[in-house]
Amino acid sequence: MAERLLQASRQRRVKAMTAAAGSAGRTVVPLLLCALLVPGGAYVLDDSDGLGREFDGIGAVSGGGPNFGASLHILKVEIGGDGQTTDGTEPSHMHYALDENYFRGYEWWLMKEAKKRNPNIILMGLPWSFPGWLGKGFNWPYVNLQLTAYYVMTWIVGAKHYHDLDIDYIGIWNERSFDINYIKVLRRMLNYQGLDRVKIIASDNLWEPISASMLLDSELLEVIDVIGAHYPGTHIVKDAKLTKKKLWSSEDFSTVNSDVGAGCLGRILNQNYINGYMTATIAWNLVASYYEQLPYGRCGLMTAQEPWSGHYVVESPIWVSAHTTQFTQPGWYYLKTVGHLEKGGSYVALTDGLGNLTIIVETMSHKHSKCIRPFLPYFNVSHQFATFVLKGSFSEIPELQVWYTKLGKPSTRFLFKQLDSLWLLDSSGTFTLELQEDELFTLTTLTTGGKGSYPLPPKSQPFPRIYKDDFDVDYPFFSEAPNFADQTGVFEYFTNIEDPGEHRFTLRQVLNQRPITWAADAYNTISIIGDYKWSNLTVTCDVYIETPEKGGVFIAGRVNKGGILIRSARGVFFWIFANGTYRVTGDLAGWIIYALGHVDVTAKTWYTLTLIIKGRFSSGMLNGRYVWTNIPVSFPKNGWAAIGTHSFEFAQFDNFHVEATS
């Protein structure tokens, strides 16, 4: 291996032994040229005394592309459970006890696309919410342990049977309580189904009490393969280390994808291992593909939140990820010789055990690397020279490829720039880096790195001011209509087999009971659409109440909240009910009543609702005739359009049309 590296290195050797950063203005200088001129400590990278922990990968929640961009090793997806899980609901594969459908939602498609780009990508599944029938009347997934384990097992089996996807890891319940007996039941059920290879990660919350529970219960310790904690702040607890299990930061980042977010990611990708022995870090979330005004807007590694225009932005966290992901693979090992730099920052080194070495150095400042959580104690980073000495099997490495990122001011900013390689043959495996704040260096024997090019994205465009959808799709590729974002409930394409007329193809709210929730789901179902800045608009939609007497539906405008805040959403809501009444409210919950009265409405009949909002006034029509006019609506000033139901009930919507003038 060493001979091959030497031969390849000579072929690439540059005329000078100084590796200049060119326009980046950074210099990587062999020690022979500058060791006597600069202060600073030396950092030894050595495998003589063995290696550190096995590296398990870098990933994102809900993706990979080898040696192009982020090149992620792990894709973690939500097992849809019909409930609100931060920015919307994801449909379950089993809405009801006797229901199974493995083509709902987008996660199946996403996993298959990830596998196309990286056949070796590791797949993980984790429930946030669960369909209500599992709780048997309680908001709790552990009422019947066998039933819940069966539900999760069917998702794993369905992934393989219908999509040829092998799920590698399965979780328990995102950021909520775990049940020791449930974890054991799940392991036994997986084994019984021949899924011994599927590993269990727990508990996707804090390090405790799962770590202590494992130390007190030998069977629990045996069935859990990985302890996963969320937002650990690069630190672990003693009990977690005592389990001798793999330790992962199984959800981290959640920070706006600016350069500060990139700095956050650059810091934790190194220091999660240095400070906390965590061998995998998984960022939430993969791509910010949801309305920006929903909670945690633009908290993805990249941004693609305009499906109507096709516009997207490859943000700086993508290239920060690449510094690690393009030059390592799961199954590599960290060196024991990793740590903090004398004047701030950190370094890690990994090897494949076959002669390859990758070193990642970061100097992210406190100001420019704050993650959204937890609190980051102050630290200082300053200009320094860092000398690295390669020993052990690495002492004969002749050359290192160099990749560089500088975050901050546009005039000095560089993202994943390849510099001239560093020639080590005449420097006894020693080299010195000059380091400033907010920099990232990768030095590696691998020559396969690449900053992929891609076409210029389409220009950013606002949501169309005139938008129509008649839902006339016979064989939809996805189960949900484009641009609608379900915030409580699940709205799916539906075919009325008995209706050959205008309403053969509709959008139907399909939940008939409240799910086992993860967040504060509303007590009504709602799906939002459009531009949050819309103020003056007309919304028209055909509606069909399926539940006699108690059923009800609405259309709305200026809806000002969504995601985990949906329960407190304000707006203008026009409701009709199967008991022959209507209502106009200023909020989704129905506490603020603007008007109410009687209308000729029953279940099982199609009606056309129209909501007109202009300035400080609103009006509503039923089948083209005004029901109420010029009701004052001073708040909110703007928001999304929406459709929904009074409760968790079946109802249908058709010929949706919104026209916004401002």
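The rules behind each value
Residues numbered from 1 in each chain as written. Predicted model: local features only at pLDDT ≥ 70, side-chain atom pairs only at ≥ 80, totals over all residues. Heavy atoms only, no water. UniProt positions renumbered as here; feature names shortened; annotations may be inferred. Helix = DSSP H or I, 4+ residues; strand = E, 2+ residues; numbered from the N terminus. Contact = heavy atoms within 4.5 Å. Axes fitted to C-alpha atoms, helices over the stretch in contact; angles between N-to-C directions. Parallel < 35°, antiparallel > 145°, perpendicular 65-115°, else oblique. Left-handed = near helix turned anticlockwise from the far one by under 90°. Nonpolar A, V, L, I, M, F, W, Y, C, P; charged D, E, K, R; others polar. Phe/Tyr/Trp six-rings, centres within 6.5 Å; stacked < 30°, edge-to-face > 60°. Buried < 20%, exposed > 50% of the residue type's maximum accessible area, 1.4 Å probe, protein only. Lys NZ or Arg CZ within 6 Å of the ring centre and 35° of its normal. Salt bridge = Lys/Arg side-chain N within 4 Å of Asp/Glu carboxyl O. Pairing = 2+ DSSP bridges. 1 Å grid on protein atoms, 1.4 Å probe; cavity = no way out; pocket = protein on both sides within 12 Å on 5 of 7 lines; lining within 4 Å. Points joined across faces, edges and corners; volume = space filled by probe spheres on them. Polar contact = N/O pair within 3.5 Å; in protein donor to acceptor, adjacent residues only side chain to side chain. Expected span 1.5 Å × (residues − 1). Bend = angle between axes of the 7 residues up to and from the residue. Core = buried A, V, L, I, M, F, W, Y, C linked by side-chain atoms within 4.5 Å.

## Some details on the UniProt feature "active site" (unreviewed entry) in the protein chain
Under the UniProt annotation, "active site" (unreviewed entry) lies at Glu 175 and Glu 251. Separation in sequence by 77 residues is not matched in space for these annotated residues, since their most distant C-alpha atoms are only 9.9 Å apart. Relative to the assigned elements, Glu 175 resides in the loop between strand 8 (169-170) and helix 5 (180-192). Once you skip the residues sitting within four places of it in the chain, Glu 175 turns out to touch Ser 203, Asp 204, Asn 205, His 230, Tyr 231, Glu 251 and Trp 518. Mapped onto the elements of the fold, Glu 251 is located in strand 11 (residues 246-253).

## Description of the packing of helix 9 (residues 259-276) against helix 10 (residues 316-325)
Packed helix pairs are specified by the crossing angle of their axes together with the interaxial distance, meaning the distance between the axes. Packing of helix 9 against helix 10 leaves a shortest axis separation of 8 Å and a crossing angle of 20°. It follows from the interaxial angle that helix 9 and helix 10 lie roughly parallel. The crossing of helix 9 and helix 10 is right-handed. Here Asp 259, Gly 261, Ala 262, Leu 265, Gly 266 and Leu 269 of helix 9 lie close against helix 10, whose contacting residues are Ser 316, Pro 317, Val 320, Ser 321 and Thr 324. Grouping the constituent residues of the contact of helix 9 with helix 10 by class yields 5 nonpolar, 5 polar and 1 charged.

## Side note on the packing of aromatic side chains
For the coordinates displayed, the defined rule picks out 44 aromatic pairs. Measuring from centroid to centroid gives 5.1 Å for Tyr 43 and Tyr 347, while their planes differ by 55°, and the two rings are tilted. Taken individually, Tyr 43 and Tyr 347 each receive the classification buried, so the pair is uniform in this respect. With 5.7 Å between their ring centres and 85° between their planes, Phe 55 and Tyr 334 make a pair best called edge-to-face. One aromatic cluster is present, built from ring pairs that chain together Phe 130, Trp 133, Trp 140, Tyr 142, Tyr 151, Trp 173 and Tyr 182. One Lys or Arg, Lys 451, reaches over the ring of Trp 319 and ends 5.0 Å from the middle of that ring. Positioned above the aromatic ring of Phe 650 is the side chain of Arg 508, whose terminal nitrogen or guanidinium carbon lies 4.3 Å from the ring centre.

## Structural notes on the pattern of salt bridges
Inspection of the entire model under this criterion finds 17 salt bridges. Here Glu 113 and Lys 116 are joined by a salt bridge, their closest N and O atoms 2.9 Å apart. Note that Glu 113 and Lys 116 are positioned in helix 3 (residues 107-117) at a spacing of 3 residues, about one turn of the helix. Between Arg 508 and Glu 546 there is a salt bridge, with its nearest N and O atoms 2.8 Å apart. Note that Arg 508 is positioned in strand 28 (residues 505-509) and Glu 546 in the loop between strand 30 (537-545) and strand 31 (552-559), a separation of 38 residues in sequence. A relative accessible area of 15% places Arg 508 in the buried class.

## Some points on the pairing of strand 5 (residues 57-61)
Taken across its 5 residues, strand 5 has 5 buried, putting it largely inside the fold. As judged from the 4 bridges shared by strand 5 and strand 12 (residues 280-284), these two strands associate in the parallel manner. The residue bridging Ile 58 from the neighbouring strand is Thr 281, located in strand 12. Alignment of strand 5 against strand 6 (residues 74-79), held across 3 bridges, turns out to be parallel. Among the inter-strand pairings, Gly 59 is bridged to a residue of strand 6, identified as Ile 74.

## Re empty space enclosed by the protein
Empty space within the largest cavity amounts to approximately 100 Å³. At 3 residues, the largest contribution of residues to the lining of the largest cavity is made by helix 3.

## What to know about the layout of surface pockets
Each pocket or cavity is described by its volume, and for the second largest pocket that value is around 330 Å³. If you go around the second largest pocket, you meet 24 residues; those closest to its centre are Thr 234, Arg 267, Gln 271, Leu 376 and Phe 379. A per-element tally of the lining of the second largest pocket places helix 9 first, with 4 residues. Of the residues contributing to the lining of the second largest pocket, the split by class is 11 nonpolar, 9 polar and 4 charged.

## Some words on the sheet that holds strand 15 (residues 311-313)
Strand order in the open sheet formed by 3 strands is 13-14-15, and the pairing between neighbours is mixed. What marks the edges here is a single partner per strand, and that holds for strand 13 (287-288) and strand 15. Sheet topology note: the strand 13/strand 14 (residues 302-306) ladder contains 2 bridges and is parallel. Its bridge partner being in strand 14, Ala 288 is matched across the sheet by Thr 303.

## Observations regarding the UniProt feature "domain: Glycosyl hydrolase family 59 C-terminal lectin" (unreviewed entry) in the protein chain
UniProt feature "domain: Glycosyl hydrolase family 59 C-terminal lectin" (unreviewed entry): in the numbering of this structure it lies at residues 486-660. Split by type, residues 486-660 is 0% helix and 54% strand. Its first and last C-alpha atoms lie 21 Å apart.

## Description of the sheet that holds strand 7 (residues 122-127)
Sheet architecture is closed into a barrel: 8 strands sit in the order 5-6-7-8-9-10-11-12, paired in parallel fashion. Sheet analysis places strand 8 next to strand 9 (residues 199-205), joined by 2 bridges and oriented parallel. Opposite Tyr 169, over in strand 9, you have Lys 199 as the bridge partner. Of the strands in this sheet, strand 5, strand 11 and strand 12 touch helix 9, which is tilted by about 165° from strand 11.

## Focus: the environment of Thr 525
Mapped onto the secondary structure, Thr 525 falls in strand 29 (residues 525-529). Take Thr 525: its relative accessible area is 0%, and that puts it in the buried class. In this structure, Thr 525 is in contact with Thr 488, Gly 489, Phe 491, Gln 509, Phe 554, Ile 643, Gly 644, Thr 645, Ser 647 and Phe 648, ignoring residues within four places of it in sequence. Here Thr 645 takes part through its side chain, which lies 2.5 Å from a polar atom of the side chain of Thr 525.

## What to know about helix 9
Between the first and last C-alpha of helix 9 there are 24 Å, a value that for 18 residues agrees with the 26 Å anticipated at 1.5 Å per step. A bend of about 35° at Asn 270 is the largest found in helix 9. Of all 18 residues making up helix 9, 16 are buried, and the element is well covered by its neighbours. For helix 9, the capping residue at the N-terminal end is Ser 258, with a side-chain oxygen 3.3 Å from the backbone nitrogen of Val 260.

## A short note on the nonpolar core
Of all hydrophobic cores here, the largest spans 166 residues; its most connected members are Ile 170, Ile 172, Ile 183, Ile 576 and Phe 656. With 8 residues, the single largest contributor to this core is helix 4 (residues 145-163). Counting residues in hydrophobic clusters, the runner-up holds 26 residues, among them Tyr 347, Ala 349, Phe 414 and Phe 431.

## Focus: helix 5
Given 3.6 residues per helical turn, the α-helix brings residues three or four places apart onto the same face. A rise of 1.5 Å per residue sets the reference length of helix 5, with its 13 residues, at 18 Å; its end C-alpha atoms lie 19 Å apart and thus fit the reference within 8%. If you check which residues of helix 5 are buried, you get Tyr 182, Ile 183, Lys 184, Val 185, Leu 186, Arg 187, Met 189 and Leu 190. At the N-terminal boundary of helix 5, the capping side chain belongs to Asp 179, with an oxygen 3.0 Å from the backbone nitrogen of Asn 181. After helix 5 finishes, the residue Gly 194 shows a positive phi value of roughly 80°.

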